[in-house]
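So you can see what is in the structure, the chains are spelled out below.
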Amino acid sequence: MLISDHRIESGKIHGDVRVVRGGNLILGGIVSGTVTVDSGGVAIVGGIVDGLVVHPGASATLGGICTGDVINHGGELSIGGIVGGALHCRAGTQIAPGS
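Here's a quick rundown of the structure.

## Concerning the overall build of the protein chain
Here is step 1: Counting its secondary structure elements, the protein chain contains zero helices and 15 strands.
Here is step 2: Here the protein chain has a C-alpha radius of gyration of 12 Å; the compact-globule value for 99 residues is 13 Å, and the two agree.
Here is step 3: Reported as C-alpha extents along the three principal axes, the dimensions of the protein chain are approximately 30 × 25 × 15 Å.
Here is step 4: Residues counted as buried form 38% of the 99 residues belonging to the protein chain.
Here is step 5: Sequence separation of 24 or more characterises 1% of the internal contacts of the protein chain that already satisfy a separation of 6 or more.
Here is step 6: Carbon and sulfur atoms make up 55% of the accessible area of the protein chain, which amounts to about 4700 Å² in all.
Here is step 7: One way to put it: in the protein chain the 5 positive side-chain charges average out to a point 3 Å from where the 7 negative ones average out.

Rendered as structure tokens:
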């Protein structure tokens, strides 16, 4: 699924999701795949995802659960939820205490 505008999702999405420039995803549901946020895209994850990838120039907030890996290639990433896999991050990653 490609997100290029403002979208609120609360159901289940099967497969990967890509948020491109101008896209703004607010996720309260489940993605059985990886959410990738490209430069100029924004994702707020309050639900459950299998993976999260943030590219330079992108912004993401993980307040929910990522069952797999979270990879920040240099975008703005804020983690206040749970990462079940590995966390690979560069500058621009903020982790809330207790996350």
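## What to know about the environment of I48
Here is step 1: Here I48 is to be found in strand 8 (residues 48-54).
Here is step 2: C-alpha of I48 to C-alpha of T36: the two residues are 12 residues apart in sequence and 14 Å apart in space.
Here is step 3: Apart from the residues within four sequence positions on either side, I48 is in contact with L27, G29, I30, V31, I65 and T67.

## Observations regarding the nonpolar core
Soluble globular proteins tend to bury their nonpolar side chains together.
Here is step 1: By size, the foremost hydrophobic cluster in this structure holds 21 residues, and its most contacted members are V17, V35, V37 and L52.
Here is step 2: At the level of secondary structure, the elements contributing two or more residues to this core comprise strand 4 (17-19), strand 5 (24-27), strand 6 (30-37), strand 7 (42-45), strand 8, strand 9 (59-62) and strand 12 (76-79).
Here is step 3: Beyond its immediate stretch of four places on either side in the chain, L52 contacts T34, V35, V37, L62, C66, D69, V70, I71 and L77.

## Let's talk about the environment of V45
Here is step 1: One can find V45 in strand 7.
Here is step 2: With a relative accessible area of 1%, V45 lands in the buried category.
Here is step 3: C-alpha of V45 to C-alpha of I30: the two residues are 15 residues apart in sequence and 9.4 Å apart in space.
Here is step 4: Each residue touching V45, except ones within four places of it in the same chain, is listed here: L27, T61, L62, G63 and G64.

## Quick notes on the sheet that holds strand 15 (residues 93-95)
Here is step 1: With respect to topology, six strands assemble into an open sheet ordered 2-5-7-9-12-15, the strand pairing being parallel. Single-partner strands in this sheet number two, and they are strand 2 (6-9) and strand 15. Strand-to-strand, the axes of this sheet are offset by a mean angle of 5°, without reference to chain direction.
Here is step 2: Two elements, strand 9 and strand 12, share four bridges in a ladder whose sense is parallel. For L62, the partnering residue across the bridge sits in strand 12 and is I79.

The rules we used
- Residues numbered from 1 in each chain as written.
- Predicted model: local features only at pLDDT ≥ 70, side-chain atom pairs only at ≥ 80, totals over all residues.
- Heavy atoms only, no water.
- Helix = DSSP H or I, 4+ residues; strand = E, 2+ residues; numbered from the N terminus.
- Rg over C-alpha atoms; globule rule 2.2 N^0.38 Å.
- Buried < 20%, exposed > 50% of the residue type's maximum accessible area, 1.4 Å probe, protein only.
- Contact = heavy atoms within 4.5 Å.
- Areas by Shrake-Rupley, 256 points an atom, 1.4 Å probe, with all protein chains shown as cover.
- Lys, Arg positive; Asp, Glu negative; His and termini not counted.
- Charge placed at Lys NZ, Arg CZ, Asp CG, Glu CD.
- Core = buried A, V, L, I, M, F, W, Y, C linked by side-chain atoms within 4.5 Å.
- Pairing = 2+ DSSP bridges.
- Axes fitted to C-alpha atoms, helices over the stretch in contact; angles between N-to-C directions.

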